[in-house]
Amino acid sequence: MRLSIITVCLNSVKTVRHTLESVSRQTYWEVEHIIVDGASTDGTLSLIKEFSPPVERLISEPDRGLYDAMNKGAAAATGDIIGYLNSDDVYADSDVLQKVARAFNDGNIDACYGDLVYVQKDDMSQVVRYWRSRTYSPGLVERGWMPAHPTFFVRRSILQKLGGFDIRYRYQSDYELMVRLFLKERISTVYIPEVLVRMRTGGHTNRSIRNIVKGNLEAYHACRENGIKVSPLFILQKMVSRLPQFFLRPSQQDSSPRGR
């Protein structure tokens, strides 16, 4: 079983090495790592080209944003399973992809996902938020729930069938995709109850309060456009549901910076 890991980057010279090392250290060997770069100018491309072992596929050209670049990566993928790892994220340990492959040994499983921790930009040992997921049950997505996207792995055939990300959504295209996957495609999933990814704070959607509000408005419209009936209270419910993540912490073993 071949796993395609897609990393999108733009001027990420300060962090992308950790991401590359994180993938190269995985014990599961049947992996292709695809980098989609938005024509960086800060030395990111040189770093990627000089990295050893070499990245299997590098695409560097202007794009129409994060989700357009992710779609490019999926179109170039040849693996059975697709996952996304951002250019400032790392896998929590060297066995993450082994655990993912094991989950897909069940041929009835369409996707799997796990937990994620947000960490300080300059100190990946400092956890500031713990996104603990759960086994999916009907009604969760309608209340704003979704798996942490960097921990989410899905069969390429399903992603191709749905057409990937809708790039009209600048901040919540990942949530809109989950609406289609869980509520329209009715995918079968398995939850891996472990921290799979360590994410630096300051990402695309969470960079400011303004972006957070815009993202939640997009999530509301994503439901409505896909025929999912939600009330305006959905936005408040979705935001409030994230609050416990700032107080929860994983066990010491799960939160150690092994992926760095």
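The paragraphs below set out a description of the structure included in this document. Bear in mind that the values here come from a model prediction, so they are computed numbers and not experimental data.

1. Description of the pairing of strand β3 (residues 57-60)
- One ladder, built from 4 bridges, connects strand β2 (residues 31-37) with β3; its direction is parallel. For D37, the partnering residue across the bridge sits in β3 and is S60.
- Traced from β2 through helix α2 (residues 44-50) to β3, the parallel crossover comes out right-handed.

2. Regarding the packing of helix α6 (residues 173-184) against helix α7 (residues 209-225)
- In the contact formed by α6 and α7, the axes pass within 9 Å of each other and the chain directions differ by 25°. One element, α6, and the other, α7, form an angle in the roughly parallel class. When the axes of α6 and α7 are compared, the crossing they make is right-handed. Touching Y175, E176 and V179 of α6 are A219, A222 and C223, all from α7.
- Counted by class, the contact of α6 with α7 contains 5 nonpolar, no polar and 1 charged residues.

3. Focus: the pairing of strand β1 (residues 3-9)
- Across the 7 residues that make up β1, a large majority, 7, are buried.
- What you see with β1 is no split at all: L3, I5, T7 and C9 on one side and S4, I6 and V8 on the other are buried throughout.
- Taken together, the 7 bridges between β1 and β2 define a ladder with parallel strand orientation. Directly across from C9, in β2, lies its bridge partner D37.
- In terms of handedness, the path from β1 via helix α1 (residues 16-24) over to β2 forms a crossover that is right-handed.

4. Observations regarding the pattern of salt bridges
- Tallied over the full model, the rule gives 11 salt bridges.
- Notably, a salt bridge pairs R2 with E32, separated by 3.3 Å at the nearest N-O pair. With a gap of 30 residues between them, R2 in the segment before β1 and E32 in strand β2 connect regions that are remote in the sequence.
- Given the relative accessible area of 22%, R2 is considered partly exposed.
- Residue R64 pairs with D68 through a salt bridge whose shortest N-O separation is 3.8 Å.
- Judged by relative accessible area, which is 66%, R64 ranks as exposed.
- If you follow the salt bridges from partner to partner, you end up with R2, E32 and E56 in one network.

5. What to know about the nonpolar core
- Core analysis: the largest hydrophobic core is formed by 68 residues, its most contacted members being Y91, L97, F152, F153, Y175, L181 and F182.
- In terms of residues, this core owes the most to one element, α6, which gives 7 residues.

6. What about the packing of aromatic side chains?
- Taken as a whole and judged by the stated rule, the model has 8 aromatic pairs.
- Taking 5.6 Å as the distance between ring centres and 70° as the angle between the ring planes, the aromatic pair formed by Y84 and F165 counts as edge-to-face. Of the two residues, Y84 sits in strand β4 (residues 81-84) while F165 sits in the loop between α5 (156-162) and α6, which places them 81 residues apart along the sequence. For the residue pair Y84 and F165, the accessibility class agrees, reading buried in each case.
- Here the aromatic rings of Y113 and W145 are separated by 5.8 Å at their centres, their planes lie at 70°, and the arrangement is edge-to-face. Remark: W145 occurs in the loop between β7 (127-131) and β8 (153-155) and Y113 occurs in strand β6 (residues 111-119); sequence separation between them is 32 residues.
- Given a relative accessible area of 0%, Y113 falls into the buried group.
- Ring pairs connect the aromatic residues Y113, Y136, W145, F152, F182 and Y191, which therefore count as one cluster.

The rules behind each value
- Counting of residues starts from 1 at the beginning of each chain's written sequence and follows it residue by residue.
- Reporting of local features is limited, given that this is a predicted model, to residues whose pLDDT is at least 70; pairs of side-chain atoms are given and counted only at 80 or more, and all residues count toward the totals for whole chains, interfaces and linings.
- Values shown for side chains rest on all heavy atoms present in the structure; no hydrogens or waters enter the calculation.
- Here, strands pair whenever DSSP counts at least two bridges between them.
- In DSSP terms, a helix is any run of H or I states spanning at least four residues, a strand is any run of E spanning at least two, and both are numbered starting from the N terminus.
- Seen with the strands pointing away from the viewer, any crossover whose path from the first strand over the helix to the second strand runs clockwise is right-handed.
- Lines fitted to C-alpha atoms define the axes here, with helix axes fitted over just the stretch in contact, and angles between the N-to-C directions of these axes take values from 0 to 180 degrees.
- An angle below 35 degrees is read as roughly parallel, one above 145 as roughly antiparallel, one from 65 to 115 as roughly perpendicular, and any other as oblique.
- Each crossing gets its hand from how the near helix is turned against the far one by less than a right angle, where anticlockwise is left-handed and clockwise is right-handed.
- Two residues qualify as a contact provided that any one of their heavy atoms is within 4.5 Å of a heavy atom in the partner residue.
- Three classes are used, and their members are as follows: Ala, Val, Leu, Ile, Met, Phe, Trp, Tyr, Cys and Pro are nonpolar, Asp, Glu, Lys and Arg are charged, and the others, Gly among them, are polar.
- When a residue's accessible area, from a 1.4 Å probe over protein chains only, is under 20% of the maximum for its type it is buried; when over 50% it is exposed; and in between it is partly exposed.
- The salt bridge criterion pairs a side-chain nitrogen of Lys or Arg with a carboxyl oxygen of Asp or Glu, the two atoms within 4 Å.
- In these notes, a set of buried Ala, Val, Leu, Ile, Met, Phe, Trp, Tyr and Cys residues joined through side-chain atoms within 4.5 Å is what counts as a nonpolar core.
- Two rings from Phe, Tyr or Trp (for Trp, the six-membered ring) form a pair when their centres sit within 6.5 Å of each other. Planes less than 30 degrees apart are called stacked, planes more than 60 degrees apart edge-to-face, and all others tilted.

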